[in-house]
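# Architecture and fold: a report
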Amino acid sequence: MKRHQIIHIRLKQESDMRHIRRRKRIEKTLHKRRTHRHIRRRTEDIQNTRQGPKTYEAIAPSIFNIGNINVVVKFLQETENICKRQKINSLKVNLDNVVAIDMYAISLMLSMLNKLSCRNIRYWGTYPNDVQCRQYIIDSGFLDIVKTNIKKPENRQKGNQIYMVGKDCVDSNRIGKSVRESMTHLVGTPTIYPPVYDNMCEISANSVEHANEHMREKNWLVSISIEGDKIHFILTDTGLGILATLRKKTSQKIKDMFHKSEADVLRDVFKKLYQSITGEINRHKGLPIIYESFEEGFISDLQVLTNKVLLDFETKQSISLSRGFNGVLFSWTVSLNNYNKWMNSL
């Protein structure tokens, strides 16, 4: 073996050893950090146990619906931030003064509560004093996922569904079953409706893959409610939000700052004009599918709430929020007319 070959082998061995030593140092440092973090959390848990539960009471606004979306989002975000900042371990949600409520507010509230429960924050609350609001919550399906001391009344409205998923896979069977059951209201028998099924699977897949970095906080909620001759679908996840995950060049940021509102940017995301900040292949790919089903008339009343904007695709109007919402809420309705349009397109 020639001398220069021997030198090359030795240099390669030395390089490999440096990489091994560096990797061991990194692993040792990470192990120390994990150990210290674990000890700190255990110490905090012991201190909290000795001090007793730290409770915070969140008093909901009297108008708790989408018509008062700025106040609703502010209330929910402040509640979540206080629980984090003050290390609350028991949360009371006071709904006593609520005189107006809808499924938007219920979905946003439940999504936030589920996220907090993943951090071992217990929650409980009160029902509205207003009889109609109290009955609306009972009819919504709220009692199916929240423990309560109220017995489920037999005469409550049938067909409404609320369920949560907080894990690392898409429960397509549950989605398919809920869609089939809801379509009974329109066509008389359990029927699969691919436009809605595909939309829900795309949204949930995106939420599971990207919404939260930590698996324990992966969280999304489905609400299906019967409203007259329509079925109202609401899907909510608690990630960063659509606008917070866009990839933009500096020139594009400056151009958007002067020529586009956040509603315009959000509308363009559904038209595939932006890429995600991570550059991941599947990121935001489901949004054009939802928009396409709306454009073809298979769903109606499409609305999207994310970050600091609420966009209504039906009326082409938007509301700018004073406080950002960390997540995404999709809402649309399905009527017999939508179903017939889909059937005629086959």
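Scroll up for the structure.
Report follows, based on the coordinates. (Residues numbered from 1 in each chain as written. Predicted model: local features only at pLDDT ≥ 70, side-chain atom pairs only at ≥ 80, totals over all residues. Heavy atoms only, no water.)

## What to know about the sheet that holds strand 1 (residues 55–59)
Rule in force here: Here, strands pair whenever DSSP counts at least two bridges between them. A run of H or I in DSSP counts as a helix once it spans at least four residues, and a run of E counts as a strand once it spans at least two, with each numbered from the N terminus. Angles here are taken between N-to-C directions and fall from 0 to 180 degrees, while the axes themselves are lines fitted to C-alpha atoms, restricted in helices to the stretch in contact.
The 3 strands lie next to each other as 1-3-5, forming an open sheet whose pairing is parallel. Looking along the sheet, the strands with just one partner apiece sit at the ends: strand 1 and strand 5 (122–126). Direction aside, neighbouring strands of the sheet carry axes that sit 20 degrees apart on average. As paired strands, strand 1 and strand 3 (residues 90–94) are joined by 5 bridges and run parallel to one another. Counterpart to Ile59 in the pairing with strand 3 is Asn94.

## Topic: helix 4 (residues 131–139)
Quick note on the threshold: The rule is simple: take the accessible area with a 1.4 Å probe, protein chains only, and divide by the maximum for that residue type; under 20% is buried, over 50% is exposed, in between is partly exposed. Each polar contact in these results corresponds to two N or O atoms within 3.5 Å; when the atoms are within protein, one needs to be able to donate a hydrogen and the other to accept it, and residues that are neighboring in sequence are counted only if both atoms are side-chain atoms.
Within helix 4 the residues assigned to the buried category are Cys133, Ile137, Ile138 and Asp139. Among the residues of helix 4, the N-terminal cap falls to Asp130, whose side-chain oxygen and the backbone nitrogen of Gln132 are separated by 3.2 Å. Just downstream of helix 4 lies Gly141, where phi reads positive at about 100 degrees.

## A short note on the pairing of strand 8 (residues 230–237)
Burial within strand 8 is extensive, with 7 of its 8 residues counted as buried. Pairing between strand 7 (residues 220–227) and strand 8: 8 bridges, direction antiparallel. From the neighbouring strand, Ser223 faces strand 8, where its bridge partner is Ile234. Where strand 7 folds back on strand 8, the antiparallel hairpin that results is connected by 2 residues, among which Gly228 adopts a positive phi of roughly 65 degrees. Of the pairings in the sheet, the one linking strand 8 to strand 12 (residues 317–335) comprises 8 bridges and is antiparallel in character. Note on strand 12: the bridge partner recorded for Ile234 is Ser331.

## Topic: the packing of helix 2 (residues 69–85) against helix 3 (residues 103–117)
Two measures define how a pair of helices packs: the angle their axes make with one another and the distance between the axes. Which entries qualify depends on this criterion: An angle below 35 degrees is treated as roughly parallel, one above 145 as roughly antiparallel, one from 65 to 115 as roughly perpendicular, and anything else as oblique. Contacts were defined at the residue level, with two residues in contact if any of their heavy atoms lie within 4.5 Å.
Running from N to C, helix 2 and helix 3 cross one another at 10 degrees; their axes reach a closest spacing of 11 Å. Considering their axes alone, helix 2 and helix 3 lie roughly parallel with respect to each other. Here Ile69, Val72, Leu76, Thr79, Glu80 and Cys83 of helix 2 come into contact with helix 3, specifically with Leu108, Met109, Met112, Lys115 and Leu116.

## A few points about the side chain of Ser331
Tracing the backbone through its elements, the reader meets Ser331 in strand 12. Ser331 gets classed as buried once you look at its relative accessible area, which sits at 1%. There is a polar contact of 2.7 Å between the side chain of Ser331 and the side chain of His232. Apart from the residues within four sequence positions on either side, Ser331 is in contact with Tyr104, His232, Phe233, Ile234, Asp301, Leu302 and Gln303.

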